[in-house]
Amino acid sequence: MKKILIEVPTWLGDCVMTTPAIENIIATYPNVKITIFGAFVSTAIFEEHPNVKAIVLDESKKSSSRLKWIWNKTKELGEFDAAITFRRTFFSKLFIWFTKAQTKGYYKRYTKETIHQAIRYNDFVNKTFDLTTEPQELKIYFEPFKYDKPTLGINPGASYGSAKRWYPEKFAKVAQELSDKYEIVIFGGPAEVDMANDIEAELQKSNVASENIAGKTSIKELCQKIAGIDLLITGDSGPMHVAAAFKVPTVAIFGPTKDKETSQWMNPQGVIVKREMECSPCMKRTCPLKHHECMKLLEAEDVLNSITS
């Protein structure tokens, strides 16, 4: 197996959870050259991967004919020993089907049991390549940023939808209580800038300084900055999984999503804070009952207690 084409998931967190499966492919075929295909955000974590020889962005949605774009791109990429996709969309299946490869793999769930997503991805790789591997640690090949002082990261965003988001004033209260021990950095993507600004404003009311880098970093810089912090307070999000890859002590706040499937993988320094609700996990982008109590009932004290306990 010399050349493999891999389409990765669109979301950053999902993509990070594929890395144990991808590392198992590499362990089986040590000299393999990998081409990564996918969205700008998710593919960026492979920029410095020693086995990744090319990163190709999926820009098919920009084309007047998405089908034609996919067809042309597969011809342009050439032949592979294997081509797989970790996505389940119609166009992803077409992309792999069009690709000239001896082995082709289309991601699917092999069990309805509640198992971690990292295991699901690894099961798919095992089935495709006839392997018997176990998923090991998450892996991102960036060097952590070195901070001058102990640093707390606050990551309020969750791209999936508002139902996953805790409240800026509560994040700020946690940061305020910990400000005597840590410098504070506020993380976030372009869609979370307003939330990050709200947290920064709340902290300023208490004369607590913070560095707000939401929307100001590349994916590489985001990963490096998260990798170097001493503690992360976060929602269920991509940066949460990045922190797991670097074993950063983390408090992950869960509400409507399944923590048994999408919590941090193999981070012994990670804890989950949540409220058990009859209506959760609903897996909805916005609260269908309009009360959002799975998040509203979580207080700053719950997070602070999880750190000290």
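Up top is the structure.
Residues numbered from 1 in each chain as written. Predicted model: local features only at pLDDT ≥ 70, side-chain atom pairs only at ≥ 80, totals over all residues. Heavy atoms only, no water.

**Observations concerning the overall build of the protein**
Broken down by element type, the protein carries 12 helices and 11 strands. Its C-alpha atoms give the protein a radius of gyration of 20 Å, near enough to 19 Å, the size a compact globule of 309 residues would have. Projecting the C-alpha coordinates of the protein onto the three principal axes gives extents of approximately 60 × 45 × 40 Å. The buried share among the 309 residues of the protein stands at 53%. Here the protein has roughly 14900 Å² of accessible surface; of this, 49% comes from carbon and sulfur atoms. Taking the 41 positively charged and 38 negatively charged side chains of the protein as two groups, their mean positions are separated by 8 Å. (Helix = DSSP H or I, 4+ residues; strand = E, 2+ residues; numbered from the N terminus. Rg over C-alpha atoms; globule rule 2.2 N^0.38 Å. Buried < 20%, exposed > 50% of the residue type's maximum accessible area, 1.4 Å probe, protein only. Areas by Shrake-Rupley, 256 points an atom, 1.4 Å probe, with all protein chains shown as cover. Lys, Arg positive; Asp, Glu negative; His and termini not counted. Charge placed at Lys NZ, Arg CZ, Asp CG, Glu CD.)

**Description of helix α3 (residues 66-77)**
Across its 12 residues, α3 extends 16 Å between first and last C-alpha, which sits within 8% of the 16 Å expected from 1.5 Å per residue. Where α3 is buried, its residues touch β1 (3-7), β2 (33-38), β3 (52-57), β4 (79-85) and α4 (90-98). Among the residues trailing α3, G78 stands out with phi positive, at a value near 85 degrees. (Expected span 1.5 Å × (residues − 1). Contact = heavy atoms within 4.5 Å.)

**Describing the pairing of β4**
Within β4, 5 of the 7 residues are buried, leaving the element largely enclosed by the surrounding structure. Two elements, β1 and β4, share 4 bridges in a ladder whose sense is parallel. Each residue of the ladder has a partner; that of E7, found in β4, is T85. Across 6 bridges, the pairing between β4 and strand β5 (residues 100-106) is parallel. What sits directly across from E79, in β5, is K100. Between β4 and its parallel partner β5, the chain crosses via α4, and the hand of that crossover is right-handed. (Pairing = 2+ DSSP bridges. Right-handed = clockwise from strand over helix to strand, strands pointing away.)

**A look at the sheet that holds strand β6 (residues 151-155)**
In space, the 6 strands of this open sheet follow the order β8-β7-β6-β9-β10-β11, with parallel pairing throughout. A single partner strand is all that each edge strand has here, and the edge strands are β8 (211-212) and β11 (270-273). Note that strand β10 (residues 250-253) and β11 share 4 bridges and pair parallel. Considered in β11, the bridge of V251 is made with V271. Sheet strands touched by helix α7 (residues 193-205): β6, β7 (183-186) and β8. Its angle to β7, the strand with the most contacts, is close to 155 degrees. Across the sheet, helix α9 (residues 238-245) touches β6, β9 (231-235) and β10, and the angle it forms with β9 is around 145 degrees. (Axes fitted to C-alpha atoms, helices over the stretch in contact; angles between N-to-C directions.)

**Comments concerning the sheet that holds β3**
Taken together, the 5 strands give an open sheet; going across it, the order is β3-β2-β1-β4-β5, and neighbouring strands pair in parallel fashion. At either end of the open sheet lies a strand with only one pairing partner, and these are β3 and β5. Mean inter-strand twist for the sheet, computed between neighbouring axes without regard to direction, equals 20 degrees. Against the sheet, helix α1 (residues 12-28) makes contact with β1, β2 and β4, and its axis sits at roughly 175 degrees relative to β1, the strand it touches most.

**Considerations on unusual backbone geometry**
The phi torsion at D130 lies on the positive side, around 55 degrees, for a residue other than glycine. Among the structural elements, D130 can be located in the loop between α5 (117-129) and β6. Positive phi, normally seen in glycine, also occurs at M266, with a value near 55 degrees. Here M266 shows up in the loop between α10 (259-262) and β11. Here M266 falls in the partly exposed class, since its relative accessible area comes to 35%.

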